[in-house]
Amino acid sequence: MRMRIAVRSTVVRIDVRFFSQEAFKAPDNAPRAAANEQWLDHLKKSKRNTRIGSSLTGNHEELIDDGQQSNTFPIKVLSTPPESHYIDVESSLANFTSMKYLGTFNKHKHRQGNFADVRMIKCRSGGGGEGAVSFFRDAGRSIGPPDGGDGGDGGSIYVQAVEGLNSLSKLRTTYIAEDGSNGGADQLDGARGKDMLITVPVGTVIRWCMDPKSTRDFIQKQRLSSGNQSSVRPILNKSMIKLQCRGRFELDPIPRSIQLFRDAYRPGEGWIFKGKDEAYHNDKDWFTDLNKKVESYDIGLYNTELEEDKFPLFGLDLDKPTKKPICLLKGGKGGLGNMHFLTNLIRNPRFAKSGRAGLEQYFMLELKSIADLGLVGLPNAGKSTILNRISNARPRIGHWEFTTLTPTIGTIDLGLGEKSFTVADIPGIVKDASNDKGLGLEFLRHIERSKGWVFVISIANDDPLADLQILINELGGMEKATTKNVLVVCNKADIDLDKEHPISKFNKIANFCKEQGWDILPMSALKGENVDILIKKMAKCAQATDHFEVESST
Ligand SMILES: Nc1nc2c(ncn2[C@@H]2O[C@H](COP(=O)(O)OP(=O)(O)OP(=O)(O)O)[C@@H](O)[C@H]2O)c(=O)[nH]1
């Protein structure tokens, strides 16, 4: 539909294509009764093949699916077509909310400056405007043919990942796109609602999530019923969420995207009556006949919405700048004006259709930094000092635990002709971090995508090998570690250098690393010892796995 200038003398123009390809498109530009009847009859014929929700698991193009989704959390498939209409899946509530975001329950809520790497936002696309009920009038005629225009389509919500942003802190909590305007007299279509664009940093992963308020209320109730005994994490883990999903293949349905539903009228409903009411119209055969035909139009819209209203189950990974904004939620279609319901039998249609409702959903945005290397260590191991020594990043350094509260990314420039690489320093990991001790594992998202992990341990500690094992365990065990290039840095080698003990501690770790095929380096970040060798080893570690070769340690 387009905005038209209100000129009554416009010659009737019928787009003949709609009879073949665009079965559900109503004729535009002051259609005459004959054109309307042709359209309505066509709808009636096509109704035989039309049903709500047809072609739900076909090989259609996924709107925002990059085709490379991997299951990032466990799901249980409960039923698949033809047994059920959708692929019904079940997964724990923990996968559809963020501990960090459940505010009042989070004892370890640490913030530094304006940094935010997890946000939950509410998005609402605009509803379609109402079709108008209006009749042409001029000096000679008190009431002429219907000329009520269509409602404008609602605005959509788009997202775009751009370079140059490094935090989600600037995001609003709510994004609402504009509703479409109502249609007007003189065949004037309503204006389209303004779209809303959300700009996020490259590396943002967007996931569908539960409404945080109802999640909080739910947890509150569960805790009350257990006498405030149980903690939040177990409640989230054991509470299951059921979702209706769409899949890729007819024969082996793999759930790909969550089906979103609009709070809009059912086919055959959504009429706006002017003058006589709904009961009056429902009593008339001419109206019920017309409604049966228009129902097919509604089913067409409904099916189009089902095709468009879906979101990747395992999230939308914006790991590259997006050239064109991606549509998260499409606006509702505008309603038909009464000019479409003029037929040989219905001369004065005093009714039009409402617009389709927009969509309202919550999304969880997670910023997963894209650094080549992740620097991991227990608190105070000296990671920030190392990063300061080798890069252009300037993290705060202190001698108390949890100094680093937000991840810092540093770029290591190796000079002309050499490829630079990036290193992420994340807050220190403590034993049982995976059970939410310390800052928990919230920041692991920043090293998840790194090609290599650099474990920093303090050789001055009593049992540095045990420290290394804590780190490996908290990060997902050896299974996970073997998917990365690993370099073990034994820092603080300046302490008790003259004593025998530090050397035997180092040898123990060196033996362990040899068994795993990992590289190892002793150093002192404070004194600047072995910094050059560290940079060379890190550059190697930042390369693709195939090229990583362990050199004998210095
Ligand atoms: N003697 C000695 N002290 C060091 C060395 N490297 C770092 N330190 C000191 O150790 C303390 C902690 O250093 P940081 O760099 O903040 O440690 P971190 O691992 O980033 O700590 P978190 O941010 O808590 O994870 C500081 O007081 C540093 O001066 C070293 O090689 N030798």
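The structure this text deals with has already been given above.
Residues numbered from 1 in each chain as written. Predicted model: local features only at pLDDT ≥ 70, side-chain atom pairs only at ≥ 80, totals over all residues. Heavy atoms only, no water.

Describing the overall build of the chain
Rules: Secondary structure counts use DSSP, requiring at least four H or I residues in a row for a helix and at least two E residues in a row for a strand, with both numbered from the N terminus. Buried means the residue's accessible area, taken with a 1.4 Å probe over protein chains only, is under 20% of the maximum for its type, while exposed means over 50%, and partly exposed covers the values in between. Every residue pair with non-hydrogen atoms within 4.5 Å of one another is taken to be in contact. Exposure was quantified through the Shrake-Rupley algorithm and a 1.4 Å probe, taking into account, for residues, occlusion by the shown protein chains and nothing else.
For the chain, the helix and strand inventory stands at 10 helices and 21 strands. A total of 554 residues make up the chain; the buried ones form 53% of that total. Taking contacts inside the chain between residues at least 6 apart in sequence as the whole, the part at least 24 apart equals 76%. Split by element, the accessible area of the chain, about 26,900 Å² in all, is 49% carbon and sulfur.

Digging into the nonpolar core
Keep this limit in mind: In this text, buried Ala, Val, Leu, Ile, Met, Phe, Trp, Tyr and Cys residues form a nonpolar core when linked through side-chain atoms within 4.5 Å.
Membership of the largest hydrophobic core comes to 44 residues, with the highest contact counts inside it found for I157, V159, I198, L243, L328 and F363. In this view, F363 contacts R119, M120, I121, C123, I206, R207, W208, C209, F311, L328 and L329; residues no more than four positions away in its chain are not counted. Residues I470, A481, A493 and C513 belong to the second largest nonpolar core, which totals 29 residues.

Focus on the packing of aromatic side chains
The geometry of an aromatic ring pair comes down to the distance between the two centres and the angle between the two planes. Basically, it comes down to this: Aromatic pairs are defined between Phe, Tyr and Trp rings, using the six-membered ring for Trp, whenever the two ring centres lie within 6.5 Å; interplanar angles under 30 degrees are classed as stacked, those over 60 as edge-to-face, and all others as tilted. Counting as a charge over the ring demands two things of the Lys NZ or Arg CZ atom: a distance within 6 Å of the ring centre and an angle within 35 degrees of the ring normal.
Applying the stated criterion across every chain yields a total of 17 aromatic pairs. When the ring of W286 is compared with that of F287, the centres are 6.4 Å apart and the planes differ by 90 degrees; the resulting orientation is edge-to-face. A relative accessible area of 28% means that W286 is categorised as partly exposed. When its relative accessible area of 1% is taken as the criterion, F287 is described as buried. Among the aromatic side chains, those forming a connected cluster through ring pairs are W271, F273, W286, F287, F341 and F351. The lysine or arginine in question, K353, covers the ring of W271, its NZ or CZ lying 4.6 Å from the ring centre.

Examining the sheet that holds strand β6 (residues 196-201)
Stated formally: The criterion for strand pairing is that DSSP finds at least two bridges linking the strands in question. For every element, the axis is a line fit to its C-alpha atoms; helices are fit only across the contacting stretch, and the angle between N-to-C directions ranges from 0 to 180 degrees.
Strand order across the open sheet formed by three strands is β6-β4-β13, with mixed pairing between neighbours. The outermost strands of the open sheet, each flanked by one partner alone, are β6 and β13 (326-329). Here the strands of the sheet are splayed against their neighbours by 35 degrees on average, with no regard to which way each runs. Judged from the three bridges that link them, strand β4 (residues 157-162) and β13 form a sheet pairing that is antiparallel. Within the sheet, the bridge partner assigned to I157 lies in β13 and is L329.

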